[in-house]
Amino acid sequence: MEFTEEHSMFRASARNFLEREFEPRVDEWEAAGEMPLHEIFSTMADAGFLGLEYSPEFGGQGADHLYNAIFCEEMGRIHAALAMASGVQTDMATPALARFGTDELKHRYLTPALRGRAVASIAVTEPDAGSDVAAIRTRAERDGDMWVINGTKMFITNGAQADWLCLLVTTSDEGTRGMTQIVFPTDVEGFSVSRVLDKLGNRASDTTELAFVDARVPVANTIGEIGRGFHQQMAQFQNERMSASYNAVGSMTRALERTADYLRERRVFGEPLIDQQYVQFRLAELSAEIDLLRQYNYSCAEAYMRGEDTTRFATIAKLKAGRLLREVADTCIQFHGGIGYMEETWTARYFRDSRLASIGGGADEVMLYVLSRLDGFVGA
């Protein structure tokens, strides 16, 4: 498995599309604190860039996973909030439905999402259950052929605009064996967006608190088997972590390019700042680290295409990406000096946006917890 000429042509096409359609609007979205997701996803789908690796039967493009890796990199170059919102649509809210849902559910909910006619969101985190997914309390009680849902979800990306949620709930008192995933349409009575949260970064992406009060949805909306939701969500997390690491590589590569361009123009003591050996070495060091992560990502992508369990790959990539993003962002703002600290410069936003990568989708400490168990670094 390797990149082909078709993959290279796709990268060029994707970059051109994203720079033409979305990059000029980033400042507008940031100022507004939101993006028009229905319009954005419709534009992406019409151009053939949404749902790349999903089956054409359900609105996808039928491409291999390397196309998705490429597109995530290119999305990361443009805007962190846009990359996150798009990732929720295609790599966080929809993988479980595509893998485990009935054909009826997929035609009803997956197809509109992949064709850009519906916004999807993933609702797992709660006020008292973030990285500890097993601690969720939102409950679905069965009443005949309906689920009756009560609870609260927190930090839900795309939540204010979502047409449906991939919702993880408890359906029995059997711990992780008592959790179930449900497709939850947001036009159901008893559902509300409690508030849109004010964040440090990724400000154009809406993040919400959601409330469920005796909200009723059909049991037929269950994704996969009742009681298998925790395991299905753990598998879905791997897609999220892979896409996040792909995004990070594109983001960091562009950040170093933009910083180098600035340093060529900025003169200090009579010469371009980039002529300073320390500056050159530091940029080279970070570029090497990014390339190591890029190649690791590609190995992960190829393993995924072979049908292998990519838990360890995705966990390491996610951990490394979050930490390296913070390092790159800090260096970029440092090398820009005072102007880099100003909101008029891209570096200030980049510095704020980058911090989420070590928290969202599983904090660094959770990644280390997973790795310590995968690699046997536990007590007797």
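Residues numbered from 1 in each chain as written. Predicted model: local features only at pLDDT ≥ 70, side-chain atom pairs only at ≥ 80, totals over all residues. Heavy atoms only, no water.

### Let's talk about empty space enclosed by the protein
To find the voids left in a structure, one rolls a probe of water-molecule size over its atoms. For the coordinates displayed, the defined rule picks out one cavity of 30 Å³ or more. Volume-wise, the largest cavity comes out at about 110 Å³. Taken together, 15 residues make up the lining of the largest cavity; nearest its centre are Phe71, Cys72, Ser86, Thr90 and Asp91. Of all the secondary structure elements, the ones that give two or more residues to the lining of the largest cavity are α4 (65–78) and α5 (80–92). Tallying contributions element by element places α5 first for the lining of the largest cavity, with five residues. (1 Å grid on protein atoms, 1.4 Å probe; cavity = no way out; pocket = protein on both sides within 12 Å on 5 of 7 lines; lining within 4 Å. Points joined across faces, edges and corners; volume = space filled by probe spheres on them. Helix = DSSP H or I, 4+ residues; strand = E, 2+ residues; numbered from the N terminus.)

### Some thoughts on the pairing of strand β1 (residues 120–123)
In β1, alternate side chains face the same way, and those of Ala120 and Ile122 on one face and Ser121 and Ala123 on the other are all buried. In terms of strand pairing, β1 meets strand β4 (residues 164–170) through four bridges, oriented parallel. Looking at the pairing, Ala123 lines up with Leu167 of β4. (Buried < 20%, exposed > 50% of the residue type's maximum accessible area, 1.4 Å probe, protein only. Pairing = 2+ DSSP bridges.)

### Some words on the packing of aromatic side chains
Aromatic rings in a pair are described by how distant their centres are and how their planes are angled relative to each other. Taken as a whole, this structure holds 15 aromatic pairs when the rule is applied. An angle of 80° between the planes, with centres 5.1 Å apart, marks the rings of Phe10 and Tyr67 as edge-to-face. Here the residue Phe10 occupies a position in helix α1 (residues 5–21), and Tyr67 occupies one in helix α4, the gap between them amounting to 57 residues. For Tyr67, a relative accessible area of 17% translates into the label buried. Look at Tyr109 and Trp164: their rings are 6.1 Å apart centre to centre, the planes differ by 65°, and that puts the pair in the edge-to-face class. You can see Tyr109 sitting in helix α7 (residues 103–114) and its partner Trp164 sitting in strand β4, a full 55 residues away along the chain. Taken together, the ring pairs in this structure connect Phe10, Phe17, Phe22, Trp29, Phe49, Tyr67 and Phe71 into an aromatic cluster. (Phe/Tyr/Trp six-rings, centres within 6.5 Å; stacked < 30°, edge-to-face > 60°.)

### Considerations on the pairing of strand β5 (residues 179–185)
With seven of seven residues buried, β5 is to be regarded as a mostly interior element. Every second residue of β5 is oriented toward a common face, with Met179, Gln181, Val183 and Pro185 on one face and Thr180, Ile182 and Phe184 on the other, all of them buried. Taken together, the seven bridges between β4 and β5 define a ladder with antiparallel strand orientation. Paired with Trp164 across the strands is Pro185, a residue of β5. For β5 and strand β8 (residues 222–223), the ladder comprises two bridges, and the chain directions are antiparallel. Looking across to β8, one finds that Gln181 is bridged to Ile223.

### Section: the environment of Tyr246
Looking at where Tyr246 falls in the secondary structure, it is placed in helix α8 (residues 229–265). In the structure, Tyr246 is positioned 51 residues away from Asn297 in sequence and 6.7 Å away in space, judged by C-alpha atoms.

### Some points on α1
With 17 residues, α1 should reach 24 Å at 1.5 Å per residue; the first-to-last C-alpha distance of 24 Å fits that figure. Every buried residue of α1 is listed here: His7, Phe10, Ala14, Phe17 and Leu18. Around the axis of α1, the buried residues are gathered within 90° of arc, so they sit on the same side. With respect to the buried face of α1, the exposed residues turned more than 90 degrees away are Glu5 and Met9. Elements that come into contact with the buried residues of α1 comprise α3 (37–46) and α4. (Expected span 1.5 Å × (residues − 1). Arc of directions from axis to C-beta. Contact = heavy atoms within 4.5 Å.)

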